[in-house]
Amino acid sequence: MTQKTKVAIVGSGPAGLTAAIYSARANLSPVMIEGEISSTSDQPGGQLMLTTEIENFPGFINGIDGPELMGNFKAQAERFGTLIHSAKVSKVDFSTRPFRLWTTDQVGDLNDLDPAYETDSVIISTGARSLMLGVDREIELIGHGVSTCATCDGFFFRGKEIAVVGGGDSAMEEAIFLTKFATKVYVIVRRHELRASKIMADRAMANTKIEFIWESVVSELIGENSLEAIVLQNRATKETSKLLVTGLFVAIGHVPNTDIFQGQIDLDENNYIITHDGTYTSVEGVFACGDVQDHKYRQAITAAGSGCMAAIDTERWLEHQVTH
């Protein structure tokens with residue numbers, strides 16, 4: 001049976017849950033379709049659910065565990081009346097209003113099913129997922145030596161030797177940033193050259209704390225409760241070697257979770273949602289916030305801030321529809 005609502009929030013994480021808190025406090029009775037439990041960063045609560053200690057979120061002097069922070073966000077959203085649906089949105093129709101949403105817990109052929117929700121407005125907060133290496137125990141060791149965010153976790157590796165995987169601008173930025181904390185940063189590159197821009201490549205190569213390991217891939221992670229070393233394989237010779245590092249930063253790119261919005265809304269060349277005038281998208285009444293439209297900052301605090309913006313934009317847009 002189709003449920004009708006004023007505001008549907010697709011996705012959770014800091015952006016979606018902040019949007020839910022603000023929408024609920026505005027008496028909009030939002031419904032949040034939060035996602036499904038999985039072993040990747042594409043899950044309820046987003047990437048912070050795979051993060052251990054967070055020390056740079058304002059207000060927590062001694063830091064806070066990622067899942068605990070997201071649990072607090074969720075409890076606060078529910079306290080103000082947000083209805084949270086534990087499923088993913090599997091299909092959307094933004095061609096007419098009210099907008100229509102189908103979810104993964106509906107049984108049958110989507111083409112034969114009525115939508116799970118009809119909604120006057122939509123806030124998209126499906127986030128982005130880090131591309132991972134695909135080696136054993138990689139996800140398990142996130143927060144225990146493996147990271148996808150130097151800004152978030154670099155501080156924990158003061159005085160340590162660590163590695164960065166990647167050859168693009170993001171990897172160079174991460175490596176350079178990490179030299180503020182680490183005694184040595186190894187940059188592991190698949191090819192015999194960098195994809196990074198010349199200015200970023202030159203800057204990284206000039207840094208005496210950075211050492212490049214060319215034509216190599218990470219084939220194994222060593223360590224029980226935390227990372228102790230990595231095994232590298234040379235792509236040309238197939239020889240393997242062990243690198244004693246306690247931190248591994250994966251910087252091979254991010255992918256926004258926008259597959260279901262293809263053809264429904266304007267995306268950029270990298271499939272991030274294009275926003276304007278705050279959180280407005282190309283479809284009137286559909287708003288986007290967090291990492292699904294931000295490929296620059298990718299921080300919990302900026303995602304939360306944009307979730308607040310999306311809720312306010314949505315509230316004002318709905319008021320305008322009533323008065324006009």
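Read on for a plain summary of the structure.

Analysis parameters
Residues numbered from 1 in each chain as written. Predicted model: local features only at pLDDT ≥ 70, side-chain atom pairs only at ≥ 80, totals over all residues. Heavy atoms only, no water. Helix = DSSP H or I, 4+ residues; strand = E, 2+ residues; numbered from the N terminus. Rg over C-alpha atoms; globule rule 2.2 N^0.38 Å. Buried < 20%, exposed > 50% of the residue type's maximum accessible area, 1.4 Å probe, protein only. Contact = heavy atoms within 4.5 Å. Lys, Arg positive; Asp, Glu negative; His and termini not counted. Charge placed at Lys NZ, Arg CZ, Asp CG, Glu CD. Phe/Tyr/Trp six-rings, centres within 6.5 Å; stacked < 30°, edge-to-face > 60°. Lys NZ or Arg CZ within 6 Å of the ring centre and 35° of its normal. Disulfide = S-S within 2.5 Å. Pairing = 2+ DSSP bridges. Axes fitted to C-alpha atoms, helices over the stretch in contact; angles between N-to-C directions. Patch = residues over 30% accessible without salt bridge, like charges linked within 9 Å, V, L, I, M, F, W, Y side chains within 5 Å. Areas by Shrake-Rupley, 256 points an atom, 1.4 Å probe, with all protein chains shown as cover. Salt bridge = Lys/Arg side-chain N within 4 Å of Asp/Glu carboxyl O.

Concerning the overall build of the chain
Assigned secondary structure in the chain consists of 6 helices and 19 strands. Taking 2.2 N^0.38 as the reference for a compact globule, 324 residues should give roughly 20 Å; the C-alpha atoms of the chain span a radius of gyration of 21 Å, in line with that estimate. Along the three orthogonal principal directions, the C-alpha set of the chain runs to about 65 × 40 × 40 Å. The 324 residues of the chain split such that 49% are buried. Across the chain, every contact between residues at least 6 apart in sequence was considered, and the portion connecting residues at least 24 apart equals 58%. Averaged over its 27 positive side-chain charges, the chain has a centre that lies 4 Å from the centre of its 42 negative ones.

Observations concerning the packing of aromatic side chains
Scanning the model with the defined rule gives 10 aromatic pairs in all. A centroid spacing of 4.9 Å and a plane angle of 65° characterise the contact between Tyr 280 and Phe 287, whose relative ring orientation is edge-to-face. Put simply, the rings of Phe 57, Phe 60 and Phe 73 touch in pairs and so form one group of aromatic residues. The residue whose ring lies beneath Arg 25 is Phe 80, and the NZ or CZ to ring-centre distance is 5.1 Å. Between Lys 91 and the ring centre of Trp 102, over which it is positioned, the NZ or CZ distance is 4.6 Å.

Notes on the state of the cysteines
The final tally for this structure, using the stated rule, is 1 disulfide. Sulfur-sulfur distance for the disulfide between Cys 149 and Cys 152 comes to 2.2 Å. One quick way to see it: the torsion about the S-S bond of Cys 149 and Cys 152 is about 70°, and its sign makes the bridge right-handed. For Cys 149, a relative accessible area of 13% gives the class buried. Here Cys 289 stays unpaired: no disulfide links it, and the sulfur of Cys 308, its closest cysteine neighbor, is 10.0 Å away. A relative accessible area of 1% places Cys 289 in the buried class. Overall, Cys 308 belongs to the buried group, its relative accessible area being 17%.

Comments concerning the pairing of strand β7 (residues 99-103)
Of all 5 residues making up β7, 4 are buried, and the element is well covered by its neighbours. Looking at chain direction, strand β6 (residues 89-93) and β7 are connected through 4 bridges and run antiparallel. Across the sheet, residue Val 92 finds its bridge partner in β7, namely Leu 101. Between the end of β6 and the start of β7, which pair antiparallel, lie 5 residues. Pairing of β7 with strand β8 (residues 117-124), which is carried by 3 bridges, proceeds in the antiparallel orientation. Its bridge partner being in β8, Phe 99 is matched across the sheet by Thr 119.

Some details on the sheet that holds strand β12 (residues 184-188)
Pairing is parallel across the open sheet formed by 5 strands, whose spatial order is β10-β17-β11-β12-β13. The sheet terminates laterally at β10 (146-147) and β13 (210-213), the two strands that pair on one side only. Against the sheet, helix α4 (residues 169-178) touches β11 (161-165), β12, β13 and β17 (247-250), its axis set at about 170° to β11.

Concerning a negative patch on the surface
A cluster of like negative charges, contributed by Glu 53, Glu 55, Asp 65 and Glu 68, occupies part of the molecular surface. Here Asp 65 is to be found in strand β4 (residues 64-65). We classify Asp 65 as partly exposed; its relative accessible area is 33%.

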